[in-house]
Every structure is written in C-alpha cells, then in structure tokens.
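Chains, contacts and geometry: an overview
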Amino acid sequence: MNSQPAPGLDVLLQNARKRAGLTQEQLAGLSTVSVRAIRDLELGRVQHPRRETLKLLANAMRLSDARRVELELAVDAKAAGRVFQDIYGTGLATPPPPLRPLIGRRAELDALTARLRADHERLLTLVGLPGVGKSRLAQEAAGVMHAQYGVPVLWVDLGDDAEPVDTAHGNPQATVTGWVRALVRNGEEFEELAALIGSKATLIVLDGHDASPSVTPRLLSLLRVCERLKILTTTDRPVQLPGGRLLPLAPLAAPTAADLAAEPLGGSLVADRHAVELTLSHVSYMRPDFLPTDSVVTTVAHICRALDGMPQALEAAASWLLLYSPQQLLDIARTTPLVLLDGVTPAAPGSGPTLGERLTEAVTGLDPRAAALLRTLAELEDPWTMDGAARARGTSLAQTARDVHGLLVRGLIRRLPATAGDPVGFTVLNLVRAALDARPATRAAELAGAFAD
C-alpha cells in the first residue's frame with residue numbers, strides 16, 4: 001500500500017505556527033527571526049536553514065520533542081541524530097508494550113535477560129520457525145531491560161509489512177525508531193547513530209533480521225564504537241554472526257504421547273504444559289461458552305500435540321472454533337494441519353506472507369542435502385536417535401550429527417525428554433511433516449473437503 005509523502009519543511013512550519021495561534025509577525029517577535037525569513041521558509045524558498053534558526057522558531061512555538069524532530073528531518077534526514085541527542089534516553093527509546101501476558105517461556109526469558117545483562121554478551125540472535133514466538137520473547141526481554149534496569153531500547157521492525165512511521169501525530173518514540181529503521185533498511189552508515197548512543201547502555205532489537213542480512217558488517221562496527229551497546233536480532237534462518245551467540249527457540253511444551261495415554265486426563269494436562277494453557281486462554285476468548293471440562297481440556301491437549309505447541313498456530317486454530325467443535329478441530333489438526341495456520345479472518349492486504357506460507361517456505365527452502373535428510377528423518381519411527389539417523393542416511397555419525405544439528409537449530413526437529421542414561425531421542429514436527437507432504441491443492445479446497453462424506 002502506497003503511503004503519502006511526508007510534508008516538507010514549509011508545510012510543517014506553517015502548520016506548527018497556526019497550531020500555536022501565531023501570525024508570522026507574532027512569531028518573528030517571539031523568536032527574533034525576521035518576518036521575511038519566516039515567510040521565505042513557509043513559501044519553500046529556503047530549503048536548508050541554519051539549525052539555530054529552527055531552534056529559535058521551535059522554542060517560540062513551544063514545540064514538543066516530536067515536532068522538533070519533524071522539522072530537523074524535513075531539512076536533512078541524515079541530521080536527525082543531532083536533534084535526538086537532546087532528547088535521547090529511557091523515556092524516548094522504549095520497546096513496544098505487550099498486548100497480552102506471556103504464557104510459559106519463563107526459563108527462556110530468564111536465560112535471555114541474563115545474557116543481555118552480562119557484560120561479555122553483546123550480540124544475540126533468537127532463531128526458530130515462524131510463529132514460534134521469537135518476537136514476543138524478545139519484546140518481553142526488552143521490556144524487562146527497560147523497566148527494571150533503565151536501558152533505552154531501540155526496537156526496529158524489519159518486516160516488509162511493518163507499519164510506516166507516522167511522525168505527524170507527536171510520537172517521539174516512533175520518530176526515533178523510524179529513523180533507525182530507515183538507516184538499517186536503506187543501507188546508510190551508522191555514524192550519527194553511534195554518536196547518539198555513545199557510551200550509554202542501549203539495547204537495539206532488530207526484529208526480522210532475515211530481511212536485512214547485509215547490515216551485519218555495520219552492526220559489528222557499531223558494537224565496536226559503542227562499548228555498552230547490546231544487539232538482539234530475531235530470525236527464521238540461523239546465521240552465526242561473528243562474536244555472536246545463537247539462541248534457538250523451540251515451540252512450547254505440549255503433552256507427550258505418554259501424557260495423553262495416562263489417567264486421569266483433564267486438569268492434569270495443564271500443569272507444566274504451557275501450550276495447553278495458552279490454547280485454553282484463546283478458547284476462553286473465542287468461545288466463552290466452552291467450560292474447561294476434562295473432555296474439552298483433553299481434546300485441546302491433543303490439538304496442542306498435533307500442532308507441536310506452536311504458539312501462533314494454536315491461536316489461529318482456536319479461531320476456527322467459531323465454525324467447528326473441538327473434536328472436529330482435532331480431526332483437522334491430525335489430518336490437514338496446514339489449513340488451520342492462518343485462522344478464519346483473512347490477512348489484511350499488503351500484510352506480507354501468512355504463517356502457513358512462511359512455515360512452508362522454511363521447509364521447502366532448505367538446500368537439497370538438508371531437505372533429503374529431513375525427509376529421511378520424517379519417515380523414521382519416533383523417537384529416533386542419532387545412531388538411527390546415521391544408519392538411515394548411510395553417513396557417518398559425526399556428519400549426521402552436524403546435519404541434524406542444523407535442522408534442530410532451525411526448529412524443524414525437536415529434542416524429546418529423556419531419562420538419565422538413555423540416548424537422546426528426536427522427532428520431526430508434525431507441521432513440518434505436513435509441509436513436506438503438502439499437495440498443490442489450495443488450503444481452501446482441503447478445508448472444504450476435510451469433513452466431506
């Protein structure tokens with residue numbers, strides 16, 4: 001969707017003067033800037049006024065920080081850092097506020113915030129499948145660093161469907177974040193950003209780093225210049241950045257086959273099963289008439305297992321309860337789970353790939369060697385071991401371990417709980433199996449035929 005061009009300095013200045021209820025003569029008297037100079041600025045005859053002139057006019061009109069930034073950006077976007085210097089701090093640089101509580105992830109959150117607080121950890125990357133909750137975990141960790149430790153957070157959404165920054169409504173946080181996002185996306189240098197951060201403790205979050213991999217060399221230079229800067233990136237594809245640390249994020253814990261076979265069922269499936277707890281919260285909003293009886297909880301637990309405890313998939317699946325019963329939903333999740341991934345409500349135009357498309361691309365976009373290994377592993381009986389994978393592939397244990405590790409970091413396979421002394425077991429995610437077996441038929445056709453007689 002095309003956005004309207006940003007207003008120029010002439011329009012911004014004229015609008016600001018009118019909002020202040022001043023004539024050109026009155027503004028000239030308050031600012032000590034001549035009426036002729038003000039008139040020339042408002043007529044667009046002067047494109048590059050002195051910064052001191054803008055400061056005098058802004059003070060006279062009592063402009064907010066955001067309005068001052070707008071004027072500076074209208075003159076020279078590359079000079080934005082100079083005006084941010086005066087207002088940069090914890091109050092300006094804030095992470096986006098969460099709209100819902102974080103369910104589960106306590107261990108992951110503690111581990112991530114501990115690394116963000118450690119002096120020697122400065123470049124961290126959360127990696128995992130689309131929909132696993134990387135952005136939400138990063139948002140929670142950034143909120144902890146900001147609220148508890150007073151660290152300014154520059155949150156930069158690098159997704160193609162990120163909302164354009166609207167500086168016309170007096171939001172200085174959006175303005176500074178938009179400036180940083182433009183630096184990253186447009187391939188510009190970071191000298192002014194480095195001057196802005198300086199020696200201040202700061203966290204930059206690049207959400208969706210897949211979209212701008214070419215920025216890595218400039219990020220490393222920024223880390224060298226700003227000694228107290230930390231950078232946290234989220235990505236679907238693991239890339240080991242020099243000096244950085246990869247933090248793989250798996251789906252939420254879902255009931256195992258042994259859990260579902262045990263008695264009694266119902267409430268016992270919620271304890272320490274965060275996927276079930278999360279799904280039940282979505283069910284309570286979507287269908288408040290569904291009481292959490294043992295039968296409902298048990299069916300939800302089976303759905304969670306079928307959808308691998310993938311947070312965004314579970315939320316999308318719950319939306320289908322407007323059309324189907326829990327048991328019908330479970331039948332779809334077991335047979336054609338991909339049709340549930342994008343929910344009932346169509347995505348907004350221009351919102352980018354859907355979860356189903358992104359997940360399918362994560363599987364189909366593998367290199368031939370990794371794809372062949374994944375197909376072999378999907379055919380093994382669960383849980384399979386590293387020895388079993390090596391025998392099935394006819395490769396050495398060392399080579400198999402390296403290849404399986406790559407799939408594990410990407411989140412395509414899952415490590416299963418094991419008792420002491422037993423070999424570690426693994427499984428390929430059900431959603432990944434479905435993506436491997438996906439037919440060219442459309443999801444709408446699959447869904448229409450899910451309950452066909």
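A few points on the structure. Since the structure is predicted, the reported quantities are computational estimates derived from the model, not experimental observations.

Moving on, we get to the overall build of the chain. Regarding its fold elements, the chain presents 22 helices and 7 strands. Looking at the chain as a whole, 47% of its 453 residues qualify as buried. Expressed as a percentage of contacts within the chain between residues at least 6 apart in sequence, the contacts between residues at least 24 apart total 72%. Of the accessible surface of the chain, which amounts to about 22500 Å², a share of 53% is contributed by carbon and sulfur atoms.

What follows covers helix 2 (residues 24-31). Among all positions in helix 2, only Gln24, Leu27, Ala28 and Ser31 are buried. Looking straight down helix 2, one finds its buried side chains confined to an arc of 100°; they lie on one side. The exposed set on the far side of helix 2, more than 90 degrees from its buried face, consists of Gly29 and Leu30.

Okay, the sheet that holds strand 1 (residues 123-127) next. Strands pair in a sheet through their backbones, by hydrogen bonds, and they do so in one of two ways: parallel or antiparallel. Spatially, 5 strands are ordered 2-3-4-1-5 in an open sheet, and the strand pairing comes out parallel. The strands lining the two open edges of the sheet, one partner per strand, are strand 2 (153-157) and strand 5 (245-248). Strand-to-strand twist in this sheet, taken as the mean axis angle between neighbours without regard to direction, amounts to 15°. Two strands pair when backbone bridges link them, and strand 1 and strand 4 (residues 229-235) are joined in this way by 5 bridges, in the parallel orientation. By the bridge assignment for strand 4, Leu126 is matched with Thr234.

The next subject is the pattern of salt bridges. Counted under the stated rule, the structure contains 12 salt bridges. Linking Glu121 and Arg245 is a salt bridge whose minimum nitrogen-to-oxygen distance equals 2.7 Å. In this pair, Glu121 is assigned in the loop between helix 7 (106-117) and strand 1 and Arg245 in strand 5, connecting sequence segments 124 residues apart. Glu121 gets classed as buried once you look at its relative accessible area, which sits at 9%. Linking Arg136 and Glu140 is a salt bridge whose minimum nitrogen-to-oxygen distance equals 2.7 Å. With a gap of 4 residues between them, Arg136 and Glu140 both fall in helix 8 (residues 134-149), about one helical turn apart. Overlapping salt bridges bring together Lys134, Asp236 and Arg358 as one network.

Now for the environment of Leu338. Tracing the chain through its elements places Leu338 in the loop between helix 16 (326-335) and helix 17 (355-364). Classification of Leu338 by relative accessible area gives buried; the value is 9%. Along the primary structure Leu338 and Ala434 are separated by 96 residues, whereas in three dimensions their C-alpha atoms are 6.8 Å apart.

Next up on the list: the packing of helix 18 (residues 368-378) against helix 19 (residues 386-393). The geometry of helix 18 relative to helix 19 is characterised by a closest axis approach of 10 Å and an angle of 115° between their N-to-C directions. When the interaxial angle is binned, helix 18 and helix 19 end up roughly perpendicular. Between helix 18 and helix 19 lies a crossing of right-handed hand. Where helix 18 approaches helix 19, its residues Ala372, Leu373, Thr376 and Leu377 are matched on the opposing element by Ala389, Ala392 and Arg393.

So, about a nonpolar patch on the surface. A grouping of Leu322, Leu323 and Val344 is seen on the molecular surface, where their side chains present a nonpolar patch of about 270 Å² in accessible area. Structurally, Val344 is set in the loop between helix 16 and helix 17.

Attention shifts here to the packing of aromatic side chains. Under the definition given, this model contains 1 aromatic pair. Above the plane of the ring of Phe190 lies Arg218, whose end atom (NZ or CZ) is 4.7 Å from the centre. Here Arg287 stacks its cationic end above the ring of Phe290, 4.1 Å away from the centre of that ring.

Burial in helix 3 (residues 35-42) covers these residues: Ile38, Asp40, Leu41 and Glu42. The inward-facing, buried residues of helix 3 contact helix 1 (9-19), helix 2 and helix 4 (51-61).

Examined against the element boundaries, Thr53 turns out to sit in helix 4. Exposure remark for Thr53: the relative accessible area of 17% places this residue in the buried category. Ignoring any residue separated from it by four or fewer positions in sequence, one finds Thr53 in contact with Val33 and Leu41.

Below, the discussion takes up the pairing of strand 3 (residues 202-207). With respect to burial, strand 3 is a largely interior element, 6 of its 6 residues being buried. Burial along strand 3 is two-sided: the residues Thr202, Ile204 and Leu206 and Leu203, Val205 and Asp207 are all buried. Here 5 bridges tie strand 2 to strand 3, and the two strands are oriented parallel to one another. Counterpart to Asp157 in the pairing with strand 3 is Asp207. Two elements, strand 3 and strand 4, share 6 bridges in a ladder whose sense is parallel.

What counts and how
Residues numbered from 1 in each chain as written. Predicted model: local features only at pLDDT ≥ 70, side-chain atom pairs only at ≥ 80, totals over all residues. Heavy atoms only, no water. Helix = DSSP H or I, 4+ residues; strand = E, 2+ residues; numbered from the N terminus. Buried < 20%, exposed > 50% of the residue type's maximum accessible area, 1.4 Å probe, protein only. Contact = heavy atoms within 4.5 Å. Areas by Shrake-Rupley, 256 points an atom, 1.4 Å probe, with all protein chains shown as cover. Arc of directions from axis to C-beta. Pairing = 2+ DSSP bridges. Axes fitted to C-alpha atoms, helices over the stretch in contact; angles between N-to-C directions. Salt bridge = Lys/Arg side-chain N within 4 Å of Asp/Glu carboxyl O. Parallel < 35°, antiparallel > 145°, perpendicular 65-115°, else oblique. Left-handed = near helix turned anticlockwise from the far one by under 90°. Patch = residues over 30% accessible without salt bridge, like charges linked within 9 Å, V, L, I, M, F, W, Y side chains within 5 Å. Phe/Tyr/Trp six-rings, centres within 6.5 Å; stacked < 30°, edge-to-face > 60°. Lys NZ or Arg CZ within 6 Å of the ring centre and 35° of its normal.

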